[in-house]
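Overview (structure and organization)
Okay, here's what each chain looks like letter by letter:
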Amino acid sequence: MKTYTLNTEDYTFTPYADGGFSGKLLLATAKNPDLHKLIIKSDNPSSACNEFMYSRLAELLHIPAPKAYIMDVAKHDKHLFGSPYVVGIEFLEGLQSFTMEEMRFSDENKAEYAAHYALAAMFDQADRVQLMKTSDGQIIGFDFTEAFWLSDMAVSTYSYSDEELADILSKRLLAHKRQGFDLMANAGAIVLQKHLNEQDIHDVYPYYLAPMKALCRLTEEEIVELTDVLSETYSVAVAVFYEEYIALLKKEIAYYLKSLGEHI
């Protein structure tokens, strides 16, 4: 059984600074040495839900990314965090940058690289795509706070009533629908064509479209397993937003694939 939540009582916290992650950060060191260190984000109420959903959907799609956990905040730890919504992101040591040439040398790395651009298109990542290589050679993405059209949610979000929050999220979902997925998807494909040094954009599609097809095959049960975790901390309206976002996304992907002569 997968672990989705961790308790702050099991960690000690110190300030942490890293240019790759946005917002105020803490480093959580586990009292049990067998557990991973975590990068903690809490100031932006959308950090926890976005980081969690983005990383766990990536996991379901077999795309390498640090695991994110919703933190169960102990009463005596509440003063450490900027909001009631706290996420712990697996701290990976030994990350290193890589060149385009190094990435193109490996078909596996090319697929991982393209997959992260597919994720950014599917989940409306507003920040730049940030990628590093792990010590075992995988290309991973990180910093997913600004995604799912929730990147600029006000810090006071948690003080809204359930009805007000549901209305806000409904409007954001409508805005996402009006933008159209094909705009983001086509932009990502063009960037990848350049980065992968492909002469024909169709040569990008085997790498780029695979995660989109895989997302369409995710079951409702797999999605609800994740949103149920959010419901333990957030308003149910937030969990419903992600469920509706993904249901809409599946339809948009199907339409986009059809326009390319592709099938799920």
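The structure contained in this document is the topic of the report that follows. (Residues numbered from 1 in each chain as written. Predicted model: local features only at pLDDT ≥ 70, side-chain atom pairs only at ≥ 80, totals over all residues. Heavy atoms only, no water.)

1. Digging into the environment of Ala-189
As for its position among the elements, Ala-189 is in helix H5 (residues 181-195). Residue class for Ala-189 comes out buried when judged on its relative accessible area of 1%. Each C-alpha atom of the pair Ala-189 and Ala-118 lies 8.4 Å from the other, and the pair is 71 residues apart in sequence. Apart from residues lying up to four places away in sequence, Ala-189 is in contact with Ile-201, Val-204, Tyr-205 and Tyr-208. (Helix = DSSP H or I, 4+ residues; strand = E, 2+ residues; numbered from the N terminus. Buried < 20%, exposed > 50% of the residue type's maximum accessible area, 1.4 Å probe, protein only. Contact = heavy atoms within 4.5 Å.)

2. Some points on the layout of surface pockets
Approximately 240 Å³ is the volume attributed to the largest pocket. In terms of lining, the largest pocket is formed by 16 residues, of which the most central are Pro-64, Ala-65, Glu-90, Leu-92 and Gln-138. The element that contributes the greatest number of residues to the lining of the largest pocket is helix H1 (residues 45-60), accounting for three residues. (1 Å grid on protein atoms, 1.4 Å probe; cavity = no way out; pocket = protein on both sides within 12 Å on 5 of 7 lines; lining within 4 Å. Points joined across faces, edges and corners; volume = space filled by probe spheres on them.)

3. Focus: the side chain of Ser-47
Note that Ser-47 resides in helix H1. Look at Ser-47 and you get buried, because its relative accessible area is 4%. In contact with Ser-47, not counting residues within four places along its chain, are Lys-41, Phe-52, Val-87 and Thr-145.

4. Here we look at the packing of aromatic side chains
Going through the model one piece at a time under the given rule, you end up with 15 aromatic pairs. Arranged with centres 5.5 Å apart and planes meeting at 85°, the rings of Phe-13 and Phe-81 form a pair that is edge-to-face. In this pair, Phe-13 sits in strand E2 (residues 11-16) while Phe-81 sits in the loop between strand E5 (68-72) and strand E6 (87-90), placing the two residues 68 residues apart along the sequence. Residue Phe-13 is classed as buried on the basis of its relative accessible area of 17%. Between Tyr-16 and Phe-91, the aromatic rings sit 5.9 Å apart at their centres with planes inclined by 85°, giving edge-to-face as the arrangement. With Tyr-16 in strand E2 and Phe-91 in the loop between E6 and helix H2 (100-104), this residue pair connects regions lying 75 residues apart in the sequence. Residue placement shows Arg-56 over the ring face of Tyr-69; its charged tip is 4.9 Å from the ring centre. (Phe/Tyr/Trp six-rings, centres within 6.5 Å; stacked < 30°, edge-to-face > 60°. Lys NZ or Arg CZ within 6 Å of the ring centre and 35° of its normal.)

5. Re the pattern of salt bridges
In this structure the tally under the stated criterion is eight salt bridges. Lys-41 is paired through a salt bridge with Glu-51; the nearest N and O atoms lie 3.0 Å apart. Of this pair, Lys-41 sits in strand E4 (residues 38-41) while Glu-51 sits in helix H1, placing them 10 residues apart in sequence. Taking the relative accessible area as the measure of exposure, Glu-51 reaches 2% and is therefore buried. A salt bridge links Glu-59 to Lys-67; the nearest nitrogen and oxygen atoms lie 4.0 Å apart. Note on Glu-59: relative accessible area 22%, which makes it partly exposed. Given a relative accessible area of 32%, Lys-67 falls into the partly exposed group. (Salt bridge = Lys/Arg side-chain N within 4 Å of Asp/Glu carboxyl O.)

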